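Listed below, chain by chain, are the residues.
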Amino acid sequence: MNNATAVWRDLIHKPFFWGIIAIVALLVLNVMKDPGYLAISINPNNGNLVGNVIDILRQAAPIMMIAIGMSLVIATAGIDLSVGSMMAVAGAVSMEFLSGPGATGSAGAAFTAVGLSLLVTAALGAVNGVLVAYVGLQPFIATLVLMLAGRGIAKVITGGQNTAASNESYRWIANGYVLGIPVVFILAVAIVIAVAWVVRRSALGLMIEAIGINPKASRMAGIKPKGLLLTAYILSGVLAGVAGVMSVGSVMTVDISRTGYQLELDAILAVVIGGASLMGGKFSLSGAFVGALLIATLDKTVLFLGVSSSATPAFKALVIIVICLLQSDRVRAWFRRRRSAATAPSVDAPKKEVAA
Amino acid sequence: MSSATATPARPAGAALAARVGRSVTSNPSVLPTIASVVIFVGMIVYGEIAYGRIVQASTLSNLLINNAHLIVLAVALTFVIITGGIDLSVGSIIAFSSVAGVMLVNAGWNPFAVAVTMIVIGAVFGLVSGVLIRYFNVQPFIATLAMMFLGRGLASLLSTQPERLPEDSGLRWIGEKIKLIDGPKVNDLTVTPAVIVAVIVVLAAFFVLHRTRTGRTVYAIGGSENSALLMGLPVHRTKVLVYVISGALAGLAAVLYTARLGTAQNITGIGWELDAIAAAVIGGTVLTGAYGYVLGSVVGALVLGLMTVLITRDGGIPPEMTTIITGGILLVFVLLQRAVTRKKE
């Protein structure tokens, strides 16, 4: 029994615990409105899974991409406001290439389009990285510049049009299924696992966190912050490019003013839900993963409850406020006082929090 | 540092030049502000030579009339940024406050009461941000981001349709043009009550920031919050106050903008927080806090406004370049600030 409580206490301090609780709560809310909400059926024509949950997974994929990139950037005590604009740029590059005269409907063309998009967003990420690491600008303002200019760049690429194109292979990335599961979700999970593996199996994650905690001390410990910062911003740019490909792929049109619009805020929210500190120095990719799922669930729930989709920000705001309050020392101290008043004063509770 | 901009130039330009030169050598952080003034003047001269009809009463008064709300927002952000914070919620506050305001007018409220209510709405938003920041140690960025989401969402809950002010509404008076000088043809020097309000806001903000104890506390917080605390300054109270001021000014900007346009919508003000931040930064306010001038931010707002005018006049520049140019100007100024502050280190 003692063992069970220890496991429980460990779980409660995992960064993604409250995110999962919130997802479950939202799903319960949906089920209360429609008991068949969670049902997943198989489309008899093509054997694909269909259902609300599958839709949520599909919608979460682009948010996961930018949230993972944002996690790494935030871990360095930075922020990348330009991811939404970079999604638009990636979409614009892809659509412009695919609708261009030289492009065919082949898989090769889709491959080239994706490659070009990622190349451009990597370059834009590198611009952010250079401004932050080598010029020494505040990350907030360095990426703000690209956030403003990025949408303009996307508009210039498409000549101000919402370019549409057709390419079945490209479309498959966003709308296809493998073994009945949406390709976007498989792709997103694969990328998350790959990034997590690289970051946690090598010293990269540790070094990124070291920069976030104290850049000066980490430099003296022999870490080269500049290159790592540059890497983090380039990675964030590339992942934003992937997210852009995913989101324009589903409709095969880039809407230069709407694609990726304000998604940087969703990404930041996902990271915060995941328990990462915005002061830098720690990150949790699993937390960001859960956070992205929660945001997609929240979006879907609000729509399902019949509230206008433009009102979703209000609900996101409530989530942010509650999470910030839960994370604040004042509220935690208050909870601790109540708990220790109810039971015997526990010595290891604060220690656990530091570890988490 | 405030004395550089505060006292009017005494006899001639030479004295002013000497004064500017002295303040630059003693405090290089005024350089971006001077640069923005130079750029503003340069833009006017270039515009006059290239397109003509820039230095004339109607163009200049329209510049003020169309940007009165942006000037007020830039002043709001100046306060917040000098403390080392940021307020991302101003655009959404405008959306919520103006939609609510127009609906109240349509419900038959007294226009004056509506205007006050709109400002109070903004102040309440600011108060919530301030309390989150002060009592719960939430980062300003996140707290005001939450308020940004909340304002936009609440505005959308109220209405997603454009809400129109009635033609005879008293609120429209604030946006009505008053001819000061009746020039030839349409070349009149006009102001609106909104412009006058904006000017009063600028003067009041100037007085508070550069002439009062509260203003000095604002600068001190940006310099070093711990030192300010140890000095016994009312840091906590001032920090909350700064966000309340910013929110209330956003509410006021909503009044000015709604009165001029006559409509309000849930998508009003998207991205204006960025314009206001850009205006403050172009005007020489340093984003890490402690440096900045109210009058600089006003110039910054006018630079942005004039840029739109010039781009429209040119016709050859595609409108989609506007954001790229804004981003470019912003980058240049941040780099300039960075160069100046790095020299001091």
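What counts, and at which threshold
Residues numbered from 1 in each chain as written. Chains lettered and ligands numbered in written order. Predicted model: local features only at pLDDT ≥ 70, side-chain atom pairs only at ≥ 80, totals over all residues. Heavy atoms only, no water. Helix = DSSP H or I, 4+ residues; strand = E, 2+ residues; numbered from the N terminus. Rg over C-alpha atoms; globule rule 2.2 N^0.38 Å. Buried < 20%, exposed > 50% of the residue type's maximum accessible area, 1.4 Å probe, protein only. Contact = heavy atoms within 4.5 Å. Areas by Shrake-Rupley, 256 points an atom, 1.4 Å probe, with all protein chains shown as cover. Lys, Arg positive; Asp, Glu negative; His and termini not counted. Charge placed at Lys NZ, Arg CZ, Asp CG, Glu CD. Axes fitted to C-alpha atoms, helices over the stretch in contact; angles between N-to-C directions. Parallel < 35°, antiparallel > 145°, perpendicular 65-115°, else oblique. Nonpolar A, V, L, I, M, F, W, Y, C, P; charged D, E, K, R; others polar. Buried area = accessible area lost by both parts, 1.4 Å probe. Salt bridge = Lys/Arg side-chain N within 4 Å of Asp/Glu carboxyl O. Polar contact = N/O pair within 3.5 Å; in protein donor to acceptor, adjacent residues only side chain to side chain. Core = buried A, V, L, I, M, F, W, Y, C linked by side-chain atoms within 4.5 Å.

(A) Representation of the overall build of chain A in the model. Scanning chain A from N- to C-terminus turns up 16 helices and four strands. Against the 2.2 N^0.38 benchmark of 21 Å for 356 residues, chain A shows a C-alpha radius of gyration of 21 Å, consistent with a compact globule. When the backbone C-alpha atoms are referred to their principal axes, chain A occupies close to 75 × 60 × 35 Å. By residue count, 50% of the 356 residues in chain A fall in the buried class. Summarising the internal contacts of chain A: among those between residues at least 6 apart in sequence, 76% fall at separations of at least 24. When the accessible surface of chain A is totalled, it reaches about 15,800 Å², and 67% of it is carbon and sulfur. Counting 25 positive and 14 negative side-chain charges, chain A places the averaged centre of each group 10 Å from the other.

(B) View of the packing of helix 8 (residues 193-211) of chain B against helix 9 (residues 213-223) of chain B. Residue and element names in this part refer to chain B. The interhelical angle for the contact between helix 8 and helix 9, taken along N-to-C directions, is 70°, at an axis separation of 5 Å. Relative to helix 9, helix 8 is oriented roughly perpendicular. Of the residues in helix 9, those in contact with Val 208, Leu 209 and His 210 of helix 8 are Gly 215, Arg 216, Val 218 and Tyr 219. Of the residues contributing to the contact of helix 8 with helix 9, the split by class is four nonpolar, two polar and one charged.

(C) Fine view of the environment of Ala35(B). Residues and elements named next belong to chain B. Along the chain, the position of Ala 35 falls in helix 3 (residues 31-50). Sequence-wise, Ala 35 and Leu 189 are 154 residues apart; in three dimensions their C-alpha atoms are separated by 28 Å. Excluding residues within four positions of it along the chain, Ala 35 makes contact with Phe 333 and Leu 336.

(D) Seen up close, the side chain of Thr258(B). Residue and element names in this part refer to chain B. Along the chain, Thr 258 falls in helix 11 (residues 235-261). Given a relative accessible area of 1%, Thr 258 falls into the buried group. Those residues within four positions of Thr 258 in sequence are excluded, and the remaining contacts are Ser 98, Val 102, Met 118, Leu 165, Thr 263 and Ala 264.

(E) Region of interest: the interface of chain B and chain A. On the chain A side, the residues contacting the 41 residues of chain B number 45 residues. The largest share of the area that chain B buries against chain A comes from Phe136(B), Phe149(B) and Glu320(B), three residues that together contribute 18% of it. Applying the counting rule to chain B against chain A returns zero salt bridges. For the pair chain B and chain A, the number of links is one residue pair in polar contact (both at pLDDT 80 or more). Among the secondary structure elements, those contributing two or more residues to the side of chain B that touches chain A are helix 6 (111-136), helix 7 (140-158), helix 12 (272-282) and helix 14 (321-344) of chain B. Here the side of chain B that touches chain A gets 13 residues from one element, more than from any other, and that element is helix 7 of chain B. Partitioning the side of chain B that touches chain A into residue classes produces 27 nonpolar, nine polar and five charged.

(F) Fine view of the environment of Ala90(A). Residues and elements named next belong to chain A. Structurally, Ala 90 is set in helix 4 (residues 83-98). Its relative accessible area of 0% is what places Ala 90 among the buried residues. Taking the C-alpha atoms as reference points, Ala 90 and Val 114, separated by 24 residues in sequence, lie 8.2 Å from one another. Contact partners of Ala 90, with chain neighbours within four places excluded, come to Ser 117, Thr 121, Gly 241 and Gly 244.

(G) Inspection of the nonpolar core at higher detail. Among the nonpolar cores identified, the biggest contains 199 residues, and Phe140(A), Tyr170(A), Ile268(A), Phe141(B), Ile142(B), Ile277(B) and Leu330(B) are the most heavily contacted of them. The dominant element in this core, judged by the number of residues it contributes, is helix 3 (residues 52-75) of chain A, at 15 residues.

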